[in-house]
Amino acid sequence: MRNPRPKEWQAKEYSQNYIADYKAFNFVDGEGIRNSLYVSGCLFACEGCFNKAVQNFRYGTPFTAELEEQIIEDLRHDYVQGLTLLGGEPFLNTEVCLQVVNRVRAEFGHGKDIWSWSGYTFEELLLETEDKLELLSRIDILVDGRFELSKRNLNLQFRGSSNQRIIDVPKSLALGEAVIWDKCKDAEKSYEQIKKSI
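Residues numbered from 1 in each chain as written. Predicted model: local features only at pLDDT ≥ 70, side-chain atom pairs only at ≥ 80, totals over all residues. Heavy atoms only, no water.

- Going by an unreviewed UniProt entry, the chain carries the name Anaerobic ribonucleoside-triphosphate reductase-activating protein and comes from Enterococcus gallinarum.
- Note on the chain: under the UniProt heading Cofactor (unreviewed entry), the record states "[4Fe-4S] cluster".
- Its UniProt record gives the chain the following Function (unreviewed entry) comment, quoted word for word: "Activation of anaerobic ribonucleoside-triphosphate reductase under anaerobic conditions by generation of an organic free radical, using S-adenosylmethionine and reduced flavodoxin as cosubstrates to produce 5'-deoxy-adenosine." (UniProt positions renumbered as here; feature names shortened; annotations may be inferred.)

Printed below as a string of structure tokens:
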């Protein structure tokens, strides 16, 4: 796992504006039914990363205007709660992510929520470049922190290791410190434990 200094990794130096995948109408990348955009490229290199191929900034295909339109059309469905940004590392792909997020806000205001996963912690992002701060200010929920294999926990909601947090971004930015999402509810049994008992 790599730990960057503040502003060491700049999106403009690494991002190739590639997309690893886009999945509409899924139930796993945050609360409710969501449309998920997986951007390509990550430098954290966490041990046990579940999708190492996506660490490559040229994995997948270039982001296109057609895909942007598809995302917006898919979000128009009343049953879709919002958009999720994953990767890869969204905060090292700020050009694509800001383009999409700003379009979502222009079309839907705050009628659709925006989640993002990141290897950066909330506190690290506060010390980062303007583009990362702008992206942070546009999202509602941040699942933050590197995946740590030694802290892997299958009981956690929307997280893989116990150091990671689900953060309410507007509340956190207003207070200047991380505020945990008030709907966070971890399981008493992991999925694997439940499966074995059936």
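Section: the packing of helix α2 (residues 65-75) against helix α3 (residues 94-108)
Helix packing geometry: the angle between the two helix axes and the distance between the axes.
Then, number 1: It is at 11 Å that the axes of α2 and α3 come closest, and there the two elements cross at 40 degrees. With respect to their mutual orientation, α2 and α3 come out oblique. Seen from above, α2 lies across α3 with right-handed handedness. For the pair α2 and α3, the contacting residues are Glu-68, Glu-69, Ile-71, Ile-72 and Leu-75 in the first and Gln-99, Val-100, Arg-103, Val-104, Glu-107 and Phe-108 in the second.
Then, number 2: Considering only residue class, the contact of α2 with α3 consists of six nonpolar, one polar and four charged. (Axes fitted to C-alpha atoms, helices over the stretch in contact; angles between N-to-C directions. Helix = DSSP H or I, 4+ residues; strand = E, 2+ residues; numbered from the N terminus. Parallel < 35°, antiparallel > 145°, perpendicular 65-115°, else oblique. Left-handed = near helix turned anticlockwise from the far one by under 90°. Contact = heavy atoms within 4.5 Å. Nonpolar A, V, L, I, M, F, W, Y, C, P; charged D, E, K, R; others polar.)

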